[in-house]
Amino acid sequence: MDDERPAPSPRFPLLGLSTLLPLALVAVASAAAFSLHTSRARFDRGREEVRDELQASCASEAGLGAAALDLRMGGDGNLGEAEEPIRIGEGFYWVQTTRLESGLLSVRSTGGAGSFRRRTELVARPAGTPTAPLETISRRIVPLAPADE
């Protein structure tokens, strides 16, 4: 009679599964929520970078326009400085204008927003009268790395 032991209860192995299954579901749900949060943060960061890049480009173009107006009004076309740029919305710009030996003007406008910088350069022939527009000879857009400021 001592050899007779009761058979194990079928509920005991099920108790282990019933405990592990909710824990596994919670772990999967937590991993999915974390993945979604991480993806959302990357998406938001990507959207901010695109916005900053666009604002830097627009600020650079605004700098060219302001320099052209300054040159038409008899100014030298130099606006702002890297240390003290001109603010426009959430962006900023500064413009450096130099007269080349050939008599042409080199206008370099650097715009920025956030960590992005964009430089737009053009070479123009000065107009004969203050109200005449500049005659653009060449133009290019130069994306800048943050260290190239």
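What counts and how
- Residues numbered from 1 in each chain as written.
- Predicted model: local features only at pLDDT ≥ 70, side-chain atom pairs only at ≥ 80, totals over all residues.
- Heavy atoms only, no water.
- Helix = DSSP H or I, 4+ residues; strand = E, 2+ residues; numbered from the N terminus.
- Buried < 20%, exposed > 50% of the residue type's maximum accessible area, 1.4 Å probe, protein only.
- Contact = heavy atoms within 4.5 Å.
- Areas by Shrake-Rupley, 256 points an atom, 1.4 Å probe, with all protein chains shown as cover.
- Salt bridge = Lys/Arg side-chain N within 4 Å of Asp/Glu carboxyl O.
- Core = buried A, V, L, I, M, F, W, Y, C linked by side-chain atoms within 4.5 Å.
- Pairing = 2+ DSSP bridges.
- Phe/Tyr/Trp six-rings, centres within 6.5 Å; stacked < 30°, edge-to-face > 60°.
- Polar contact = N/O pair within 3.5 Å; in protein donor to acceptor, adjacent residues only side chain to side chain.

To continue, consider the overall build of the protein. Of the regular secondary structure elements, the protein holds 1 helix and 5 strands. Helices and strands appear in the protein in the N-to-C order α-β-β-β-β-β. The proportion of buried residues among the 149 residues of the protein is 25%. In the protein, once contacts between residues fewer than 6 apart in sequence are set aside, the share between residues at least 24 apart is 39%. Carbon and sulfur atoms provide 60% of the accessible area of the protein, an area that totals close to 10500 Å².

Here we take up the pattern of salt bridges. Applying the stated criterion across every chain, the model contains 3 salt bridges. With its nearest N and O atoms 3.4 Å apart, the salt bridge here joins arginine 51 to aspartate 52. By relative accessible area, arginine 51 is classed as partly exposed at 40%. Under the relative-accessibility criterion, aspartate 52 is labelled buried at 12%. Put simply, glutamate 53 and arginine 118 hold a salt bridge, and the shortest N to O gap is 2.9 Å. Placement of glutamate 53 in helix H1 (residues 11–72) and of arginine 118 in strand S4 (residues 116–125) is noted, with a sequence separation of 65 residues between them. What makes glutamate 53 partly exposed here is its relative accessible area of 33%. Accessibility expressed as a relative area gives 14% for arginine 118, which makes it buried.

To continue, consider the nonpolar core. One finds Ala59, Leu64, Ala67, Leu71, Leu79, Tyr93, Val95, Leu105, Val107, Leu122 and Ala124 forming the largest nonpolar core, which totals 11 residues. The set of elements that each furnish at least two residues to this core consists of H1, strand S2 (91–99), strand S3 (105–113) and S4. The dominant element in this core, judged by the number of residues it contributes, is H1, at 4 residues. Among all residues touching valine 107, those that are not within four sequence positions of it are Leu64, Ala67, Leu71, Val95, Gln96, Thr97, Thr120, Glu121 and Leu122.

Two faces belong to every sheet, and in a regular strand the side chains alternate between them. As paired strands, strand S1 (residues 86–88) and S2 are joined by 3 bridges and run antiparallel to one another. Paired with isoleucine 86 across the two strands is tyrosine 93, which belongs to S2. What sits between S1 and S2 in their antiparallel hairpin is a turn of 2 residues, with glycine 89 showing a positive phi close to 60°. Note: S2 against S3, 8 bridges, orientation antiparallel. In the sheet register, glutamine 96 faces S3, and the bridge partner there is arginine 108. Hairpin geometry of S2 and S3 is characterised by an intervening segment of 5 residues between the two adjacent antiparallel strands and by a positive phi of about 95° at glycine 103.

Turning our attention to the packing of aromatic side chains. On inspection of all chains with the given rule, the structure shows 1 aromatic pair. Ring centres of phenylalanine 92 and tryptophan 94 lie 6.4 Å apart, and the angle between their planes is 5°; this geometry places the pair in the stacked category. Of the residues examined, tryptophan 94 reaches a relative accessible area of 5% and is grouped as buried.

Here threonine 97 lies in strand S2. The exposure class of threonine 97 is buried, given its relative accessible area of 10%. Within the structure, the side chain of threonine 97 is placed 2.8 Å from the backbone oxygen of glycine 77, a separation counted as a polar contact. Other than its neighbours up to four places away in sequence, threonine 97 contacts Leu71, Asp76, Gly77, Asn78, Leu105, Ser106 and Val107.

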